[in-house]
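In case you want the letters, here they are:
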Amino acid sequence: MRFLMMTTETRTVPDEQLMTEMGRFIEEMSRAGVLLATGGLDPRATRITSSGGTVTVTDGPYTEAKEAVVGFALIETRTKEEAVELSKRFWRIAGDGAGVIQQVFGPEDPMPGQ
C-alpha cells in the first residue's frame, strides 16, 4: 500500500541535530525500500481551476491557505498502521507541527471495490 504523508504546518526551526536525525531516518527508510520519494514544496504555487470549459491559472503564494502542503513523503508499507507509525517517528524528530496521511491508489493499489 502506498501513502502520501504531507506536512501542512511546522512550528520547529530546524537545527543541526534535527537535520542529522532526519537524515538518518530518511536513509533508514530508503534502505528498507519504504521511502519512494520525499521533498519540500515551493510556496509559490500555481493554482489551476476549470469551470464550464474555462481554465484559469492563478500564481501564488497563497498566504490565506492555512493548510498548504509544505513537504511530502511517498511511502510504501504493508498496512495503514505502519504508515501511521512512520509518521509518528517523523514528528518525534520534526517537533511541533501538523500533517496528513492519505492512501495513494493506482494500478498496483486499486481503490477499494475495483
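This text goes with the structure placed above it.
Read on for an overview of the structure. None of these values were measured; they are calculated from a predicted model. (Residues numbered from 1 in each chain as written. Predicted model: local features only at pLDDT ≥ 70, side-chain atom pairs only at ≥ 80, totals over all residues. Heavy atoms only, no water.)

A few words now on the packing of aromatic side chains. For the coordinates displayed, the defined rule picks out 1 aromatic pair. Look at Phe90 and Trp91: their rings are 5.0 Å apart centre to centre, the planes differ by 85°, and that puts the pair in the edge-to-face class. (Phe/Tyr/Trp six-rings, centres within 6.5 Å; stacked < 30°, edge-to-face > 60°.)

This part covers the environment of Val34. As for its position among the elements, Val34 is in the loop between helix H1 (16-31) and strand E2 (35-40). Residues Val34 and Glu81, 47 residues apart in the sequence, show an inter-C-alpha distance of 14 Å. Once residues lying within four places of it in the same chain are set aside, the contact partners of Val34 are Met29, Leu74, Ile75, Glu76, Thr77 and Leu86. (Helix = DSSP H or I, 4+ residues; strand = E, 2+ residues; numbered from the N terminus. Contact = heavy atoms within 4.5 Å.)

What follows deals with the pattern of salt bridges. Applying the stated criterion across every chain, the model contains 6 salt bridges. Here Arg31 makes a salt bridge to Glu27, at a shortest N to O gap of 2.7 Å. Separated by 4 residues within a single helix, Arg31 and Glu27 lie in helix H1, roughly one turn from each other. When its relative accessible area of 61% is taken as the criterion, Arg31 is described as exposed. (Salt bridge = Lys/Arg side-chain N within 4 Å of Asp/Glu carboxyl O. Buried < 20%, exposed > 50% of the residue type's maximum accessible area, 1.4 Å probe, protein only.)

Another point: helix H2 (residues 80-94). Taking 1.5 Å of rise per residue, the 15 residues of H2 would be expected to cover 21 Å, and the 21 Å separating its terminal C-alpha atoms lies within 8% of that figure. All of the buried residues along H2 are Ala83, Leu86, Ser87, Phe90, Trp91, Ile93 and Ala94. For H2, the buried positions fall inside an angular range of 155° around the axis, keeping them on one side. Opposite the packed face of H2, turned more than 90 degrees from it, sit the exposed residues Glu81 and Arg92. On its buried face, H2 sits against strand E1 (2-10), H1, strand E5 (71-76) and strand E6 (97-104). In the stretch just after H2, Gly95 is the one whose phi turns positive, near 95°. (Expected span 1.5 Å × (residues − 1). Arc of directions from axis to C-beta.)

For the rest of this paragraph, the subject is the sheet that holds E2. Pairing between the strands of a sheet comes from backbone hydrogen bonds, and it takes one of two forms, parallel or antiparallel. Spatially, E2-E5-E1-E6 is the arrangement adopted by the 4 strands of the open sheet, whose pairing is antiparallel. Of all the strands in the sheet, just E2 and E6 have a single pairing partner and so form its edges. Averaged over all adjacent pairs, the angle separating strand axes in this sheet is 15°, with direction ignored. Relative to E5, E2 is paired through 5 bridges, and the arrangement is antiparallel. Looking at E5, one finds that Thr38 is bridged to Ala73. Where H2 meets the sheet, it contacts E1, E5 and E6, and its direction lies at approximately 30° from that of E1. (Pairing = 2+ DSSP bridges. Axes fitted to C-alpha atoms, helices over the stretch in contact; angles between N-to-C directions.)

The next point concerns the layout of surface pockets. Empty space among the atoms becomes visible once a probe the size of a water molecule is rolled across them. Volume-wise, the largest pocket comes out at about 570 Å³. Every residue lining the largest pocket is counted, 28 residues in all, and those nearest its centre are Thr7, Met22, Thr38, Phe90 and Ala94. Contributions of two or more residues to the lining of the largest pocket are made by E1, H1, E2, E5, H2 and E6. For the lining of the largest pocket, the class distribution of residues is 18 nonpolar, 10 polar and no charged. (1 Å grid on protein atoms, 1.4 Å probe; cavity = no way out; pocket = protein on both sides within 12 Å on 5 of 7 lines; lining within 4 Å. Points joined across faces, edges and corners; volume = space filled by probe spheres on them. Nonpolar A, V, L, I, M, F, W, Y, C, P; charged D, E, K, R; others polar.)

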